[in-house]
Amino acid sequence: MIIEPRAVKLTTRTGVDVYRTLPHRDRKMVGAWCFVDMLGPTEQHDAMVVAAHPHTGLQTATWLISGEVEHRDSEGSVQRLVPGDLNLMTAGNGIAHSELAVMGPRDALHAVQLWIALPDAARHQPPHFENYTDLPSVELPGAVVRVFVGELVGVRSSALAYSPLVGAEIRITAGASVQIPVREDFEHGVVAVSGRISTTEPLPKRGIDVIAAGVSHITVTAETDAIVLLLGGEPFPEKIVMWWNFIGRNHAEIVEARQQWNDRSERFGQFEDRIGGWIPAPEMPSVVLAPR
Ligand code: MN
């Protein structure tokens, strides 16, 4: 199932379009992966200036193709992220963070922002943040695989995950066709980050091919030099409510989180950054948010 990306103008970002594939009206998640946004490549310096905003019930995973981003959060983290490393923030019960592109005049920012839904047993934990600089990589004929979450082609990331999950970047040489062994109990998404690639059919630029569980290999063919992300996991067994930057299990939880953020509650903490200010949560829709 191919999902075309859609451009979203975010109130929380200035300057550039962000392209989103998940969530989509026909497909909410791939495993616990529930949000895939892509930004750039762009040389605009205001491409990522995201002031303080909250999260609950999820992990944010930030992956860079190029550029550099400074992350700050209410746990006191101040972390520069560079390509090949992973920023992984576990919001748990609640955290606030900001993200700022920090780049030289000729640098381009190319970033992927991913969210991972936390299972019920893990979603109330205290928040924490980790930066991983030692992610394993493997060379296959025509490709280099770097695993940032879980295990793939015999190597394992040390990143903390709370459900059976895999996430990897695969750089493929023009003309190569790569066969990647995958877990048959996982569903997968192949995200076309750059270059022209096909799975069983050609992918649109920045699109995702969602592949149901039950396959033992995924084949990706690159017409040009290409970068894809492979995301996968066990089908997420719980129904969730996703609204703005929050994931909960029912409408009331979202209402509470929204109110507490806008009231500057201790739940989300506070921190200083070079952006200043904070992003208030918008008005809620008039309908009751239903878990799905
Ligand atoms: Mn965020």
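Computed from a prediction, not measured in an experiment: that's the story for all the values here.

## Thoughts on the sheet that holds strand 5 (residues 49-55)
In step 1: If you walk across this open sheet you meet the 4 strands as 5-10-7-8, and the pairing is antiparallel. Edge strands, defined here as strands with exactly one partner in the open sheet, are strand 5 and strand 8 (78-81). Strand-to-strand twist in this sheet, taken as the mean axis angle between neighbours without regard to direction, amounts to 20 degrees.

## A few points about the coordination of the manganese ion
In step 1: Taken together, His53 (NE2), His55 (NE2) and His97 (NE2) make up the protein donors of the manganese ion, found 2.1 to 2.2 Å from the metal.
In step 2: Going along the chain, you hit the donors of the manganese ion in the pattern H-x1-H-x41-H. With histidine 55 in strand 5 and histidine 97 in strand 10 (residues 95-101), this pair connects stretches of sequence that are 42 residues apart. There is no split in this pair, since histidine 55 and histidine 97 are both buried.

## Brief notes about the sheet that holds strand 1 (residues 2-3)
In step 1: Strand order in the open sheet formed by 7 strands is 1-21-19-23-17-14-13, and the pairing between neighbours is antiparallel. Edge positions in the open sheet fall to strand 1 and strand 13 (137-140), since each of these has one partner strand only.
In step 2: As judged from the 4 bridges shared by strand 19 (residues 187-194) and strand 21 (residues 208-211), these two strands associate in the antiparallel manner. Bridge pairing in strand 21 places valine 191 opposite isoleucine 208.

The rules behind the values
- Residues numbered from 1 in each chain as written.
- Predicted model: local features only at pLDDT ≥ 70, side-chain atom pairs only at ≥ 80, totals over all residues.
- Heavy atoms only, no water.
- Pairing = 2+ DSSP bridges.
- Helix = DSSP H or I, 4+ residues; strand = E, 2+ residues; numbered from the N terminus.
- Axes fitted to C-alpha atoms, helices over the stretch in contact; angles between N-to-C directions.
- Donors = N, O, S within 2.8 Å, 3.2 Å for Na, K, Ca; no water.
- Buried < 20%, exposed > 50% of the residue type's maximum accessible area, 1.4 Å probe, protein only.

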